[in-house]
Amino acid sequence: EYIVTLTVFNETGCQDSYDLPITVNPQISAEFGQEENGCSPLTITFDNESFGANVDFVWNFGDGGVSSMLNPVHTFVNNTLNDTTFTVELISSSFYGCQEVYTQDIVVFATPIVDISILDSVGCYPLDVTFENSSTAASSYTWSYGTGELGNSSEQLHTHTFYNVNLTPVTYTVTLKALSASGC
């Protein structure tokens, strides 16, 4: 607490004083140490590093989600084909009614959407199967043909030949993994 004194004088030399107490509440600082960006869904445990705040914490995650926990856990989802930035806001409050706001951006990278179709899926040995790759937001692909063979074709249309040396039909399960430039 500080005391401010106001002293006034008139032209005859008379004076009067008035003391006014000034109270300065302790400093608070809102902060969290999370600088994590990643693929959707991105789950983050926030580490509240606020100083002097001891009553209330309000988190706004920038996607409509909110929390009043000290160190909340939140999952960010990006269902778009572009990277999405969420601005996370922490409002920290003290017992004295003081508040501070801290914001930080979290980037959630777009996740590729795998979409393949097969033009011919049944036939006789050797069977040439043409795959149509209509996947989006991917920069590289890994094909697993179910035979132990792998491929990395990024062409929209590509063909793979399947063999069967058995006396009964064989079914192969083909898997396509797509990876974005961000590693998602």
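Since this is a predicted model, take the numbers as computed values, not measurements. (Residues numbered from 1 in each chain as written. Predicted model: local features only at pLDDT ≥ 70, side-chain atom pairs only at ≥ 80, totals over all residues. Heavy atoms only, no water.)

(A) Region of interest: unusual backbone geometry. A cis geometry characterises the amide bond from Ser40 onward to Pro41, with omega recorded as -5°. Topologically, Pro41 is positioned in the loop between β3 (38-39) and β4 (42-45). The peptide bond linking Tyr125 to Pro126 adopts the cis configuration, its omega dihedral lying at -20°. Summarising the element assignment, Pro126 is placed in the loop between β10 (116-118) and β11 (127-133). Of note in the backbone geometry, Ala137 takes a positive phi value of approximately 65° without being a glycine. Structurally, the position occupied by Ala137 is in the loop between β11 and β12 (140-144). Exposure remark for Ala137: the relative accessible area of 32% places this residue in the partly exposed category. (Helix = DSSP H or I, 4+ residues; strand = E, 2+ residues; numbered from the N terminus. Buried < 20%, exposed > 50% of the residue type's maximum accessible area, 1.4 Å probe, protein only.)

(B) Broad picture of the sheet that holds strand β13 (residues 150-151). Strand order across the open sheet formed by three strands is β13-β12-β15, with antiparallel pairing between neighbours. A strand with exactly one partner marks an edge of an open sheet, and here the two such strands are β13 and β15 (175-179). (Pairing = 2+ DSSP bridges.)

(C) Expanded view of the sheet that holds strand β6 (residues 66-67). An order of β3-β9-β8-β5-β6 is seen for the five strands of this open sheet, with the pairing classed as mixed. Each having just a single partner strand, β3 and β6 make up the two edges of the open sheet.

(D) Quick peek at the nonpolar core. One finds Phe46, Trp59, Phe76 and Val88 to be the most contacted residues of the largest nonpolar core, which totals 14 residues. Where this core is concerned, the elements lending two or more residues are β4, β5 (56-60), β8 (84-93) and β9 (99-109). For this core, the element with the most residues is β8, which contributes three residues. In contact with Phe76, other than residues within four places in its own chain, are Ser40, Pro41, Leu42, Ile44, Phe46, Phe61, Asp63, Phe86, Val88 and Val108. In this structure, Leu127, Trp143, Tyr145 and Ala178 belong to the second largest nonpolar core, which totals nine residues. (Core = buried A, V, L, I, M, F, W, Y, C linked by side-chain atoms within 4.5 Å. Contact = heavy atoms within 4.5 Å.)

(E) Region of interest: the environment of Ser92. Positionally, Ser92 belongs in strand β8. For the pair Ser92 and Ser117, spaced 25 residues apart in sequence, the C-alpha to C-alpha distance is 52 Å. Of note is the side chain of Ser92, whose polar atom sits 2.8 Å from the side chain of Ser50. (Polar contact = N/O pair within 3.5 Å; in protein donor to acceptor, adjacent residues only side chain to side chain.)

(F) Inspection of a nonpolar patch on the surface at higher detail. Taken together, the side chains of Tyr2, Val4, Leu6, Val8, Tyr18, Leu20, Ile22 and Val24 define a hydrophobic patch exposed on the protein surface, amounting to about 800 Å² of accessible area. Those elements giving two or more residues to the nonpolar patch turn out to be β1 (2-9) and β2 (15-22). Counting residues per element, the nonpolar patch draws most heavily on β1, which supplies four residues. When you line up the elements, Tyr2 lands in strand β1. (Patch = residues over 30% accessible without salt bridge, like charges linked within 9 Å, V, L, I, M, F, W, Y side chains within 5 Å. Areas by Shrake-Rupley, 256 points an atom, 1.4 Å probe, with all protein chains shown as cover. Salt bridge = Lys/Arg side-chain N within 4 Å of Asp/Glu carboxyl O.)

(G) Examining the state of the cysteines more closely. Enumeration according to the criterion identifies one disulfide in this entry. Across the disulfide, Cys39 is cross-linked to Cys184 (sulfur-sulfur distance 2.0 Å). Sign of the S-S torsion, about -95° for the bond between Cys39 and Cys184, identifies this disulfide as left-handed. You can see Cys39 sitting in strand β3 and its partner Cys184 sitting in the segment after β15, a full 145 residues away along the chain. When its relative accessible area of 26% is taken as the criterion, Cys39 is described as partly exposed. The exposure class assigned to Cys184 is buried, which follows from its relative accessible area of 13%. (Disulfide = S-S within 2.5 Å.)

(H) Fine view of the environment of Thr85. Here Thr85 is to be found in strand β8. Its relative accessible area of 46% is what places Thr85 among the partly exposed residues. For the pair formed by Thr85 and Gln27, sequence separation is 58 residues and the distance between their alpha carbons is 30 Å. The residues touching Thr85, leaving out its near neighbours within four places in the chain, are Asp105, Ile106 and Val107.

Structural measurements only, silent on function.
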